[in-house]
Amino acid sequence: MHKAPAGTVLAFDFGEARIGVAQGDAELGLSHPLATVTGNSNDEKFNAIAKLIREWQPKHLVVGLPTHADGTEHELTRLSRKFGRRLHGRFNLPVYWVDERMSSLYAESLLAEAQVFGRKQKAVLDQVAAQAILQGFFDGGAAEYFNGREEGSEE
């Protein structure tokens, strides 16, 4: 496992239609929902992400890595890895991948506990899922790390 280095972090719950974003500080170990990024094109989405990166000045990024319940990968796993590599390529920041298998269920339960349902829940669900991903990173570390080279390759 890769532990969270000090500094501000932005985390992403990647989806093809919406991308949830959370922000946190590794030294404090606290995360909070930030935004839901949408757009008609990848350029629109990455422009919105660029604004968040300029505003928050993160030291590194975290991307949730979805898998089946048994840990096997599927198409969204591949797309999430591609998204993380694009983030690194555009913003030259290290990317950590975190197992996100339970993040959406956790987010739904938190929102239900807060009495947030229906359309109100849909508007913030991805952000809260990103918050759960980031909190998982602070609490337990990341499964993988990417700084421009695939894990295990020579530095």
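Worth saying up front: this structure is predicted, and the values here are computed from it rather than measured. (Residues numbered from 1 in each chain as written. Predicted model: local features only at pLDDT ≥ 70, side-chain atom pairs only at ≥ 80, totals over all residues. Heavy atoms only, no water.)

Trainee: Help me get a handle on the overall build of the protein, residues and values and all.
Mentor: For the protein, the count of helices and strands is four helices and six strands. Along its sequence from the N terminus, the protein presents helices and strands in the succession β-β-β-α-β-α-β-α-α-β. Here the protein, with 155 residues, has 45% of them falling under the buried criterion. Here the analysis covers contacts within the protein between residues at least 6 apart in sequence; of these, 66% occur between residues at least 24 apart. Of the roughly 8,400 Å² of accessible surface on the protein, a fraction of 49% belongs to carbon and sulfur atoms. (Helix = DSSP H or I, 4+ residues; strand = E, 2+ residues; numbered from the N terminus. Buried < 20%, exposed > 50% of the residue type's maximum accessible area, 1.4 Å probe, protein only. Contact = heavy atoms within 4.5 Å. Areas by Shrake-Rupley, 256 points an atom, 1.4 Å probe, with all protein chains shown as cover.)

Trainee: Which residues make up helix α1 (residues 42–56), and what are the values?
Mentor: Under the 1.5 Å per step criterion, the end-to-end length of α1 is 21 Å for 15 residues, consistent within 8% with the ideal 21 Å. What α1 keeps buried is the set Lys45, Phe46, Ile49, Ala50, Leu52 and Ile53. Projected down its long axis, α1 shows its buried positions confined to an angular sector of 165°, all on one face. Residues of α1 that are exposed and point more than 90 degrees away from the buried face comprise Lys51, Arg54 and Glu55. Buried residues belonging to α1 abut β1 (8–13), β2 (19–25), β3 (30–37), β4 (60–65) and α2 (75–91). Taken from the residues just after α1, glutamine 57 is the one with a positive phi, measuring 50°. (Expected span 1.5 Å × (residues − 1). Arc of directions from axis to C-beta.)

Trainee: Describe the nonpolar core, and please don't skip the residues or the numbers.
Mentor: Of all hydrophobic cores here, the largest spans 23 residues; its most connected members are Phe12, Ile49, Leu61, Phe83, Leu87 and Phe91. For this core, the secondary structure elements donating two or more residues are β1, β2, β3, α1, β4, α2 and β5 (95–99). Examining the composition of this core, we find that five residues originate from one element, α1, more than from any other. The next biggest cluster of nonpolar side chains, apart from the first, holds 13 residues, and it includes Ala26, Val62, Tyr96 and Leu134. (Core = buried A, V, L, I, M, F, W, Y, C linked by side-chain atoms within 4.5 Å.)

Trainee: Explain the pattern of salt bridges residue by residue, including any values.
Mentor: Pairing between side chains becomes possible if they bear opposite charge and their charged atoms approach one another. In this structure the tally under the stated criterion is three salt bridges. Where aspartate 126 meets arginine 18, a salt bridge forms, and the shortest distance between an N and an O atom there is 2.5 Å. Here aspartate 126 is found in helix α4 (residues 118–140), whereas its partner arginine 18 is found in the loop between β1 and β2, with 108 residues between them in sequence. Look at aspartate 126 and you get buried, because its relative accessible area is 10%. Of the charged contacts, one joins glutamate 75 and arginine 78 as a salt bridge, the two residues approaching to 2.5 Å between their closest N and O atoms. Of this pair, glutamate 75 and arginine 78 are both found in helix α2, three residues apart, which corresponds to roughly one turn of the helix. In this structure arginine 78 comes out as partly exposed when scored by relative accessible area, which is 42%. (Salt bridge = Lys/Arg side-chain N within 4 Å of Asp/Glu carboxyl O.)

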